[in-house]
Amino acid sequence: MHEKNTIRTAMKRGLRCCCPHCGQGRLFQAYLKISDKCSVCDQDFSKADSADGPAFFIMFVVGFIIVIGVFIVERSYAPPLWVHAVLWGPLTFGLSFLLLQPFKGLWIAVQFYHRAEEARFSDGDHS
Ligand SMILES: [Zn+2]
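Here the residue index of a chain counts from 1 through its sequence in written order. Two thresholds apply to this predicted model, a pLDDT of at least 70 for residue-level local features and 80 or more for giving and counting side-chain atom pairs, whereas whole-chain, interface and lining totals are computed over all residues. Side-chain descriptors were evaluated using all non-hydrogen atoms of the structure, hydrogens and water having been removed beforehand.

Enquirer: Sorry, what's going on with the overall build of the chain here?
Expert: Secondary structure elements follow DSSP: runs of H or I of four or more residues count as helices, runs of E of two or more count as strands, with numbering from the N terminus. A count of helical and extended segments in the chain gives three helices and zero strands. Listing each helix as α and each strand as β along the chain from the N terminus yields α-α-α. For the chain, the C-alpha radius of gyration of 19 Å lies well beyond 14 Å, the compact-globule estimate for 127 residues. Here the C-alpha coordinates of the chain stretch approximately 65 × 50 × 25 Å along the principal axes. Each residue is assigned to one of three classes by its accessible area relative to the maximum for its type, calculated with a 1.4 Å probe on protein chains only: buried under 20%, partly exposed between the two thresholds, exposed over 50%. Buried positions account for 30% of the 127 residues belonging to the chain. For this analysis, residues touch if any pair of their heavy atoms sits within 4.5 Å. Of the contacts formed within the chain by residues at least 6 apart in sequence, a portion of 52% connects residues at least 24 apart. Within the structure as shown, the chain displays about 9100 Å² of accessible surface, and the carbon and sulfur contribution to it stands at 64%. In this setup the radius of gyration rests on C-alpha atoms only. A globule is expected at 2.2 Å times the number of residues raised to 0.38. All accessibility values rest on the Shrake-Rupley procedure with a 1.4 Å probe; residue burial counts only the protein chains present in the view.

Structural data, given as C-alpha cells:
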C-alpha cells in the first residue's frame with residue numbers, strides 16, 4: 001500500500017535519505033551531494049537547496065550533547081585533560097558526520113513538502 005504524502009511521511013523519508021515523494025529512490029548521490037532526480041519516480045531535485053540550515057542545527061545539537069557530556073564526565077570522574085581531548089574531539093566529529101546527511105535529508109524533505117524554492121522576481125514586478 002502506498003503511504004500518503006504527509007509532512008510526517010516526508011520527514012521520515014528524509015531522515016532515511018530517501019526520495020521525499022516516493023520513499024524508494026535515494027536522495028543523495030554522494031555523502032552530501034543531492035541527486036538530480038529520483039531514480040525511481042523521476043522527481044526533480046534540482047531546486048532542492050538546504051544551504052547552511054542542516055549544519056547550523058547539527059552544530060547546536062552536537063554542541064549541546066558534547067557540552068552536557070563534558071560537564072557530566074568532569075563532575076563525575078574529574079579525569080585528566082587529555083581524556084577530554086581524546087574523548088570529545090572524535091565524538092564531536094563522529095556525531096557531526098553521522099547526523100549531517102540524515103538531517104540534510106530531513107531539511108530537503110520538509111522543503112519539498114512545502115514546495116519551498118528560491119524567491120524570484122517576475123518580469124515587471126520589480127522596479
Ligand atoms: Zn522518488
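Enquirer: Just to check I follow, could you spell out the coordination of the zinc ion for this structure?
Expert: Reference values for angles at a metal are 109.5 degrees in the four-donor tetrahedral case and 90 or 180 degrees in the six-donor octahedral case. Atoms of type N, O and S within 2.8 Å of a metal are treated as its donors, and for Na, K and Ca the window is 3.2 Å; water is not considered, so some sites may appear to be missing partners. Coordination of the zinc ion by the protein is provided by Cys19 (SG), Cys22 (SG), Cys38 (SG) and Cys41 (SG), with metal-donor distances spanning 2.2 to 2.4 Å. For a four-donor site, all angles between 85 and 135 degrees give tetrahedral; for four or six donors, opposite pairs above 155 degrees with the remaining angles between 65 and 115 give square planar or octahedral; all remaining cases count as irregular. The site at the zinc ion holds four donor atoms, and with the angles between them running 108 to 113°, its shape is tetrahedral. Each donor residue of the zinc ion lies on one chain, and together they are spaced C-x2-C-x15-C-x2-C. A residue pair is termed long-range when its members are at least 10 positions apart, and Cys19 in the loop between helix H1 (7–15) and helix H2 (53–77) and Cys38 in the loop between H1 and H2 qualify at 19 residues. According to the relative accessible area criterion, Cys38 is buried, its value standing at 1%.

Enquirer: How do you make sense of the state of the cysteines when you look at a structure like this?
Expert: In a disulfide, the sulfur atoms of two cysteines are held together by a covalent bond. Cysteine sulfur atoms that pair up within 2.5 Å are treated as a disulfide. Counted by the stated rule, this structure contains zero disulfides. Just so you know, Cys18 is unpaired, no disulfide at all, and the nearest cysteine sulfur is the one on Cys17, 7.2 Å from it. Take Cys18: its relative accessible area is 9%, and that puts it in the buried class.

Enquirer: How should I be thinking about a nonpolar patch on the surface in this particular structure?
Expert: Candidate patch residues must exceed 30% relative accessible area and have no salt bridge, after which like charges are joined if within 9 Å and Val, Leu, Ile, Met, Phe, Trp or Tyr side chains if within 5 Å. Here, a salt bridge means any Lys or Arg side-chain nitrogen found within 4 Å of an Asp or Glu carboxyl oxygen. A surface patch of nonpolar side chains, amounting to about 450 Å² of accessible area, comprises Val61, Phe64, Ile65, Ile68 and Ile72. Checked against the element boundaries, Ile68 lands in helix H2. When its relative accessible area of 37% is taken as the criterion, Ile68 is described as partly exposed.

Enquirer: Teacher, can you tell me more about the packing of H1 against helix H3 (residues 81–113) here?
Expert: The angle between the axes and the distance between the axes are what describe a pair of packed helices. All axes are obtained by fitting lines to C-alpha atoms, using only the stretch in contact for helices, and the reported angles, taken between N-to-C directions, cover 0 to 180 degrees. Contact pair H1 / H3: the axes reach a minimum separation of 7 Å and the direction vectors enclose 150°. Considering the angle they form, H1 stands roughly antiparallel to H3. For the element pair H1 and H3, the recorded crossing hand is right-handed. On H3, the residues that touch Ile7, Ala10, Met11, Gly14 and Leu15 of H1 are Pro102, Gly105, Leu106, Ala109, Val110 and Tyr113. Gly falls in the polar group here, along with every residue not listed as nonpolar (Ala, Val, Leu, Ile, Met, Phe, Trp, Tyr, Cys, Pro) or charged (Asp, Glu, Lys, Arg). Residue composition of the contact of H1 with H3, by class: nine nonpolar, two polar and no charged. Comment on the angle field: the value is read as roughly parallel under 35 degrees, roughly antiparallel over 145, roughly perpendicular from 65 to 115, and oblique elsewhere. Crossing handedness: left-handed means the near helix sits turned counterclockwise from the far one by under a right angle, and right-handed means the same turn made clockwise.

Enquirer: Whenever I open this one, the nonpolar core confuses me. Can you help?
Expert: Soluble globular proteins tend to pack their nonpolar side chains together in the buried interior. Working definition of a nonpolar core: buried Ala, Val, Leu, Ile, Met, Phe, Trp, Tyr and Cys residues. They are joined through side-chain atoms within 4.5 Å. Counting residues in hydrophobic clusters, the biggest one holds nine residues: Cys17, Cys19, Cys22, Leu27, Phe28, Ile34, Cys38, Phe45 and Ile108. Ignoring any residue separated from it by four or fewer positions in sequence, one finds Phe28 in contact with Cys17, Lys33, Ile34, Ser35, Gln101, Lys104 and Gly105. Val62, Val73, Trp88 and Leu100 belong to the second largest nonpolar core, which has seven residues in total.

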